[in-house]
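Chain and residue survey
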Amino acid sequence: MILDYEPGDKVTNKNNKDWGIGQVQSIINGKVTVNFENVGKKVINSKVIQLEKLYK
């Protein structure tokens, strides 16, 4: 699986918009650690949850 983001990228979780904008911290074995502005750090299984990358 090729992921379309890397550490430092800004993302949102389409299913949980109230989490706010998150910044990708790390990607290890398909698990993406994201620091969201409203809920803090979350570890996301990229096989289950699709993150949406925010482009400038």
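Residues numbered from 1 in each chain as written. Predicted model: local features only at pLDDT ≥ 70, side-chain atom pairs only at ≥ 80, totals over all residues. Heavy atoms only, no water.

A few points about the sheet that holds strand β2 (residues 22–28)
- Ordered in space as β4-β3-β2-β1-β5, the five strands form an open sheet in which the pairing is antiparallel. Of all strands in the sheet, those bounded by a partner on one side alone are β4 (40–45) and β5 (51–53). Strand-to-strand, the axes of this sheet are offset by a mean angle of 45 degrees, without reference to chain direction.
- Both strand β3 (residues 31–36) and β4 contribute to a ladder of six bridges, which runs antiparallel. Bridge pairing in β4 links K31 to N45. (Pairing = 2+ DSSP bridges. Helix = DSSP H or I, 4+ residues; strand = E, 2+ residues; numbered from the N terminus. Axes fitted to C-alpha atoms, helices over the stretch in contact; angles between N-to-C directions.)

Let's talk about unusual backbone geometry
- In this structure, N29 takes a positive phi of about 50 degrees despite not being glycine.
- Mapped onto the secondary structure, N29 falls in the loop between β2 and β3.

A word on the environment of K53
- The residue K53 is located in strand β5 in this model.
- Residues K53 and G22, spaced 31 residues apart in sequence, show a C-alpha to C-alpha distance of 9.5 Å.
- Setting aside anything within four residues of it in sequence, one finds K53 in contact with D4, Y5, D9, K10 and V11.
- Here D4 takes part through its backbone oxygen, which lies 3.4 Å from a polar atom of the side chain of K53.
- Within the local environment of K53, its side chain forms a polar contact with the side chain of D9, the two groups lying 3.3 Å apart. (Contact = heavy atoms within 4.5 Å. Polar contact = N/O pair within 3.5 Å; in protein donor to acceptor, adjacent residues only side chain to side chain.)

Interpretation note: all reported values are geometric properties and have no functional meaning in isolation.
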